[in-house]
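The chain contents come next:
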Amino acid sequence: MLNDSELATLRNRFKKDAEFLMQTTTAGDEDEKSQEEKDAKPLPRINRHSVFWIVASVGVTYYVDFLHNIMENDDIKSWWFNVGLVLLGVCLSLAMFCIVYLEWFKGIQHYDQEYPAIPPITTAAFIAASCSLNMALWPVWSFFTPLILFTQFMGVVMFISLLG
């Protein structure tokens, strides 16, 4: 077995290790507090990510002559296009309801807790709208359609995020 001096040495070593571990956990708590302070500070609304998607959306709109093709191209499947527009209208209406009415007028910051059905309905409407618009516009731009529409949707989402 171990004699008394070896036990004392072992005990001292464990005591030093425990003190070192306690010091690192208190430093970790300070890091957590600084992280909480960072989370409390609001992020800027205009950032590089938002600007990139908005500029990319404007560029794609210009390059593919988006509005002219939407208005005058006969290859568009009108039924799918109309369904996509209605679903997109539902999605944007719910987003505006949350941003303008709930956040600006009512002052509700966490509207997903007050109205828990809004996020899944908006998400489902957005996914269904993107599928419908992809089917409607596939004859116009073929395999570029998902890329074009994704860029347009991201531009709209980033523009709306600047409002709220």
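Cut-offs applied
Residues numbered from 1 in each chain as written. Predicted model: local features only at pLDDT ≥ 70, side-chain atom pairs only at ≥ 80, totals over all residues. Heavy atoms only, no water. Helix = DSSP H or I, 4+ residues; strand = E, 2+ residues; numbered from the N terminus. Axes fitted to C-alpha atoms, helices over the stretch in contact; angles between N-to-C directions. Parallel < 35°, antiparallel > 145°, perpendicular 65-115°, else oblique. Left-handed = near helix turned anticlockwise from the far one by under 90°. Contact = heavy atoms within 4.5 Å. Nonpolar A, V, L, I, M, F, W, Y, C, P; charged D, E, K, R; others polar. Buried < 20%, exposed > 50% of the residue type's maximum accessible area, 1.4 Å probe, protein only. Expected span 1.5 Å × (residues − 1).

Participant: Would you take a moment to explain the environment of phenylalanine 153 for this structure?
Facilitator: Of note, phenylalanine 153 is situated in helix α7 (residues 145-163). Here the alpha-carbon distance between phenylalanine 153 and tryptophan 53, two residues 100 residues apart in the chain, equals 9.1 Å.

Participant: What exactly am I supposed to notice about the packing of helix α6 (residues 118-141) against α7 here?
Facilitator: Each pair of packed helices can be described by the angle between their axes along with the distance between the axes. Packing of α6 against α7 leaves a shortest axis separation of 9 Å and a crossing angle of 135°. One finds that α6 runs oblique with respect to α7. In this structure, α6 crosses over α7, and the sense of that crossing is right-handed. Taking contact as the criterion, the partners of Phe126, Ser130, Leu133, Asn134, Leu137, Trp138 and Trp141 in α6 are, on α7, Thr145, Pro146, Ile148, Leu149, Phe153 and Val157. Per-class residue counts for the contact of α6 with α7 are 10 nonpolar, three polar and no charged.

Participant: Before we go on, may I ask you to explain unusual backbone geometry in this structure?
Facilitator: Most peptide bonds adopt trans geometry, and most residues besides glycine take a negative phi value. Phi at aspartate 65 takes a positive value of approximately 55°, unusual for a residue other than glycine. Judged by its relative accessible area of 40%, aspartate 65 falls in the partly exposed class. Its identity as a non-glycine residue notwithstanding, serine 142 has a phi of 55°, on the positive side. In this fold, serine 142 is placed in the loop between α6 and α7.

Participant: Help me understand α7 in this model?
Facilitator: For an α-helix, 3.6 residues make a turn, and residues three or four places apart therefore share a direction. Taking 1.5 Å of rise per residue, 19 residues should cover 27 Å, and α7 covers 27 Å from first to last C-alpha, within 8% of that figure. When α7 is considered as a whole, its buried residues turn out to be Thr145, Ile148, Leu149, Thr151, Gln152, Phe153, Met154, Gly155, Met158 and Ile160. Tucked inside the fold, the buried residues of α7 contact α2 (48-63), α3 (66-72), α4 (78-105) and α6.

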